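Summary of structural features
Read off the chains here:
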Amino acid sequence: MKAWLRKWFIAPRQLRALGVLGLNARNGRYLLPNNPRRFYRRVDDKVLTKELAAAAGIATPPTYAVVESPAQARDFDRLVAGREDFVVKPARGSGGRGIVVVAERDGGDYVKTSGARLGPREMSWHLTNILGGLYSLGGSRDQAIVEYRVRPAPIFERISFLGVPDIRVVMFHGYPVMAMLRLATRASDGRANLHQGAVGVGIDLATGQALHAVCRNNVVSIHPDTKFPLHDVLIPGWEPLLDLATRCYEITGLGYLGVDMMVDRERGPLLIELNARPGLAIQVANHDGLEPRFQRVAAHLRALAAPEPPPVRAAFSRATFGRIHAG
Amino acid sequence: MKWRIQFYGLMVLLLVAGFGLAAYKVFALRMPFWPGAADLQWVVEARVAFFVDPARPESQVIASLALPDPPAREGDFRESAASLQYGFTIRDDGSGRRAVWTASGRQGPQTLYYRVAFREPEKSRERFPQVQPPPPPRPPIFDEGEDIAAREIVAEARSRSADVRSFAIEVLRRIPPDSRTPEVALLYRVYRRDRSPDEARAALAEDLFRAAGIPARRAQGVWLDESRGAQEPVPLIEVYDGSAWQVINPAEPEKPLPRQLFVWNRGGRSLIDVERAGENSRVTFTAVRELVDSRDGGTLAGAPVWAAILQSLPVSERAVFRFIIMVPIGALVVVLLRNLAGVPTLGTFMPVLIALSFSQMDSLPAALALFALVISVGLYFRFLLSRLNLLVVPRVAACVVIVTLLMVATSVASYHLGLDAGLGITLFPMIILAWTIERMSLLWDEEGAAAALGQVGGSLMVAVAAYLVMGLAVVRHWCYYFPELLLVVLAAIILLGRYTGYRLSELHRFRHFRPPA
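Residues numbered from 1 in each chain as written. Chains lettered and ligands numbered in written order. Predicted model: local features only at pLDDT ≥ 70, side-chain atom pairs only at ≥ 80, totals over all residues. Heavy atoms only, no water.

Re the overall build of chain A
Secondary structure assignment for chain A yields 13 helices and 13 strands. Its C-alpha radius of gyration of 20 Å places chain A within 12% of the 20 Å reference for a compact globule of 327 residues. Principal axes of the C-alpha set define a box for chain A whose edges measure 60 × 45 × 45 Å. Across the 327 residues that make up chain A, the buried fraction comes to 54%. Accessible surface, chain A as shown: approximately 13,900 Å² in total, 54% of it carbon and sulfur. (Helix = DSSP H or I, 4+ residues; strand = E, 2+ residues; numbered from the N terminus. Rg over C-alpha atoms; globule rule 2.2 N^0.38 Å. Buried < 20%, exposed > 50% of the residue type's maximum accessible area, 1.4 Å probe, protein only. Areas by Shrake-Rupley, 256 points an atom, 1.4 Å probe, with all protein chains shown as cover.)

So, in structure tokens, the structure goes:
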């Protein structure tokens, strides 16, 4: 009985010792007190997020069009005339739901990265579904964003199966506290959600170097589909990425924030979306708990006389939470 | 710090109010804290409703209701009346007791209540001896055709019977309300006017007995059965067999009067009389089993309103509250299973609604089977619907229609197969089920069958847990007789809302954090 328990469960004491954050603690101690409800719209509505980001000089994938009405959805062909590839996403979607990545067009059809085809009628049906709120939080009416398709930097193209790898940074009051790289797999169907079978790679905040990788809760050393050795991953241009993430605090005002970014081979780091309720899987990918890091930031904030600008905050996080020291 | 004081102050307040009131009721009012420690009594409420026409010049209203006779043993029979601004007395005019309400200057719809509590009768009283035989009955006035028909029925019945009782049985057998025999149909043409089929049968039977020279009169009964809710008076008939009046239920003349059929009014009196300005009078009865402390005879009826909150309501409303008062318990179970155990569910409180609908069905396995049937067939149709590329709201609405039709189909099918279980399905929350199907099919598409089935399984598990907890006799007893304990439930839920420890599911999810041994 006891052995069985130990096989399937960990003692709460051990988790606490590592500072692993549970859902109740995330919601009760970090989310509710630090994220004022009125700011949620800034991250939940991607049209607004992109406007705010543009005003702050944060790069996002350029928007081609915003579909707001069923008439536009029917007329989608004309809306994307001249665009060979693009991404359609619900403005209020979450967890990658409802996103269609069109890699090329063939006659009237849209060809997804997976090779699957969408006819023009299927596409406009998908758009009306988005508008009807099928993917939005709470089922409210929504808009569909048509935007630039990110082309991964060559290194990422070799690691990931389908889909562009994305980098998630969890921030606490503007200080990056933990980062991970999410890689789509065949099992996750090109999506970067860990619970759907994507690979999560914990990333060292100081250097952008991979620390630890998991897939479906198991430690892995190579990508299950591309066989790329994950411990060799070093994210290029880590400093500008972290700077971009850090600056997102100013546009949201949310104390507990998840920043999702991608690296485009031409445009460099781009903000993809912000999340006011970032999940806990990042702890599994890093094999480390969030809570001690939150407390370290809180202590730092208490000692401060004036708020620090983003570059100083990023530097603090790299020095404090980095595990590998460059040079 | 201030926050902490407020928080714990609120906790203490809720706990003291909840437990304090309950303790007062247990120790001072001697209400039994545990179920089974007390006797249950039947409480029957008569609700008299009528209308006062404001155009009538007369302003006085006198309403009277025939009352049952108190049994010989004292203390087993408690009565009370509730009626705003009406004078109330109980009079005995020789033929029996009557409740009399009087008022003047009333207008519009009026409602009067009379309530009586008594111990469950050991057997029904159906014979009421009367030494002095009543005068021979006056024969009813029939027209020619009716007279021939009546004579024929009486003659036939007489030829097959030996005594008054068997004669009554024979007559009643010949006049079922749905009879196609020409004579009976002819007679019913008159008796059916303004009467329900059962009343018409009783009225016709009374006249047929009289035509045969047997003293007969009408009576009314009430079913002692909680599941009936508000019921119309049951038309009964009394016949004099030479030494006693016998009460017969015309619907089942062969059987002795069932114990659950309480004879409310006999002796040929009218059940209600509304004089002067009142019109359209109607009486309905509600019977519930209530707790009465057997130790010192103190009743909840005598308790102050704040101590017997639910018991101060009209009986007809109490049944609803018995149901409603369980909802917070279901909510508590959901909080426990979600925030402590981390069971995934589809929709937060959907399991509570499912559990409530389960509690209306007799057997849990049947309820689960029906739930599974509706969900799986609904899911199948939902997949067919998805090919039609419908918009979201119409698609869910279509699902509602399909779920409704499924419920109708299951009810009809199970009724014709003789399975009672299918009938309770009508209480399944249809909109919730339709959304469940919709969400489940989305999950199925996006995250695979495992996630969808996992969440439905989780929801069902929570629903079954809530159902089992809500079904505990002790929980039902506390909720109904000590509703103030819900303040304690509230305190528990608020405390759980501050719980920021791990969920059981997280101890599994994060199991790999164990340091390598």
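From this point, the narrative continues.
A few points about the sheet that holds strand 8 (residues 175-183) of chain A
Residues and elements named next belong to chain A. Spatially, 11-10-9-8-7-12-13 is the arrangement adopted by the seven strands of the open sheet, whose pairing is antiparallel. The sheet is open, and its two borders are formed by strand 11 (218-219) and strand 13 (268-275), each paired with just one other strand. Here strand 9 (residues 199-203) runs beside strand 10 (residues 210-215); their pairing, made up of five bridges, is antiparallel. Among the inter-strand pairings, G200 is bridged to a residue of strand 10, identified as V214. (Pairing = 2+ DSSP bridges.)

A few points about the interface of chain B and chain A
Every contact between the two is made by 27 residues of chain B and, on the other side, 38 residues of chain A. Overall, the association of chain B and chain A removes approximately 3,000 Å² of surface from exposure, summing both partners, and the carbon and sulfur fraction of that is 56%. If you look at where chain B meets chain A, you find zero salt bridges. Counting across the chain B and chain A interface gives twelve residue pairs in polar contact (both at pLDDT 80 or more). (Contact = heavy atoms within 4.5 Å. Buried area = accessible area lost by both parts, 1.4 Å probe. Salt bridge = Lys/Arg side-chain N within 4 Å of Asp/Glu carboxyl O. Polar contact = N/O pair within 3.5 Å; in protein donor to acceptor, adjacent residues only side chain to side chain.)

As for the sheet that holds strand 4 (residues 109-112) of chain A
Residues and elements named next belong to chain A. Within the open sheet, the six strands sit side by side as 1-6-2-3-4-5. Their pairing is antiparallel. Only two strands of the sheet have a single neighbouring strand rather than two, namely strand 1 (63-67) and strand 5 (117-118). Inspection of the sheet shows strand 3 (residues 100-106) paired to strand 4 by four bridges, in the antiparallel sense. In the strand pairing of strand 4, E104 is matched with V111. Along the sheet, helix 8 (residues 120-131) contacts strand 1, strand 2 (86-90), strand 3, strand 4, strand 5 and strand 6 (144-147); its crossing angle with strand 2, the most-contacted strand, is approximately 35 degrees. (Axes fitted to C-alpha atoms, helices over the stretch in contact; angles between N-to-C directions.)

Details of the pattern of salt bridges
In this structure the tally under the stated criterion is 39 salt bridges over all chains. The shortest N-O distance in the salt bridge between R182(A) and D260(A) comes to 3.2 Å. Taken together, the residues R182(A) in strand 8 and D260(A) in strand 12 (residues 256-264) connect sequence positions 78 residues apart. The pair R182(A) / D260(A) is uniform in exposure class, with both members buried. Here the residues in one salt-bridge network are E156(B), E170(B), R173(B), R174(B) and E254(B), joined through shared partners.

Let's talk about the pairing of strand 13 of chain A
The side chains of a regular strand alternate, residue by residue, between the two faces of the sheet. Residue and element names in this part refer to chain A. For strand 13, the buried fraction is high: eight of the eight residues fall into the buried class. For strand 12 and strand 13, the ladder comprises seven bridges, and the chain directions are antiparallel. Directly across from V259, in strand 13, lies its bridge partner L274. Counting the residues that bridge the hairpin from strand 12 to strand 13 gives three residues.

Quick look at a nonpolar patch on the surface
Residues V320(B), F321(B), F323(B) and I324(B) make up a contiguous nonpolar surface patch of roughly 300 Å² in combined accessible area. By secondary structure assignment, the location of F323(B) is in helix 6 (residues 315-324). (Patch = residues over 30% accessible without salt bridge, like charges linked within 9 Å, V, L, I, M, F, W, Y side chains within 5 Å.)

Side note on the pairing of strand 8 (residues 216-223) of chain B
All names here are of chain B. Taken across its eight residues, strand 8 has seven buried, putting it largely inside the fold. Alignment of strand 8 against strand 10 (residues 234-240), held across six bridges, turns out to be antiparallel. Across the sheet, the residue bridging to G221 is V234, located in strand 10. Here strand 8 pairs with strand 12 (residues 261-265) via four bridges, running antiparallel. Bridge pairing in strand 12 places Q220 opposite N265.

Quick word on the environment of L194(A)
With respect to the helices and strands, L194(A) occurs in the loop between strand 8 and strand 9. Given the relative accessible area of 15%, L194(A) is considered buried.

Structural notes on the packing of helix 4 (residues 182-191) of chain B against helix 5 (residues 197-211) of chain B
All names here are of chain B. Close contact between helix 4 and helix 5 brings their axes to 10 Å; oriented N to C, the two are set at 110 degrees. One finds that helix 4 runs roughly perpendicular with respect to helix 5. Here helix 4 contributes L187, Y188 and Y191 to the contact with helix 5, which in turn contributes A200, R201, A203, L204 and D207. In the contact of helix 4 with helix 5, the residues fall into six nonpolar, no polar and two charged. (Parallel < 35°, antiparallel > 145°, perpendicular 65-115°, else oblique. Nonpolar A, V, L, I, M, F, W, Y, C, P; charged D, E, K, R; others polar.)

Digging into the packing of aromatic side chains
Enumeration according to the criterion identifies 29 aromatic pairs over all chains in this entry. Both rings, one in F76(A) and one in F86(A), keep their centres 5.8 Å apart while their planes meet at 70 degrees; by these two values the pair is edge-to-face. Taken together, the residues F76(A) in helix 7 (residues 76-79) and F86(A) in strand 2 connect sequence positions ten residues apart. Relative accessible area serves as the criterion here: at 2%, F76(A) is assigned to the buried category. Taken together, Y114(B), F118(B), F262(B), W264(B) and F285(B) form an aromatic cluster joined through their ring pairs. Taking the ring centre of F39(A) as reference, the NZ or CZ of R38(A) above it sits at 4.6 Å. (Phe/Tyr/Trp six-rings, centres within 6.5 Å; stacked < 30°, edge-to-face > 60°. Lys NZ or Arg CZ within 6 Å of the ring centre and 35° of its normal.)

A short note on the side chain of R511(B)
Residues and elements named next belong to chain B. Position of R511 relative to the elements: it lies in the segment after helix 15 (504-509). The buried charged residue R511 lacks any salt bridge partner; its closest oppositely charged side chain belongs to E506, at an N-O distance of 13 Å. Within the local environment of R511, its side chain forms a polar contact with the backbone oxygen of H508, the two atoms lying 2.8 Å apart. (Lys, Arg positive; Asp, Glu negative; His and termini not counted.)

Some remarks on the confidence of the model for chain B
Residue and element names in this part refer to chain B. Per-residue confidence for chain B gives a mean pLDDT of 82; residues scoring 70 or more make up 91%. Note that residues 293-298 has pLDDT below 50 and, in this model, 14 contacts with residues that lie over four places away or in other chains. Scored as a complex, the prediction yields pTM 0.74 and ipTM 0.84. (pLDDT = per-residue confidence, 0-100.)

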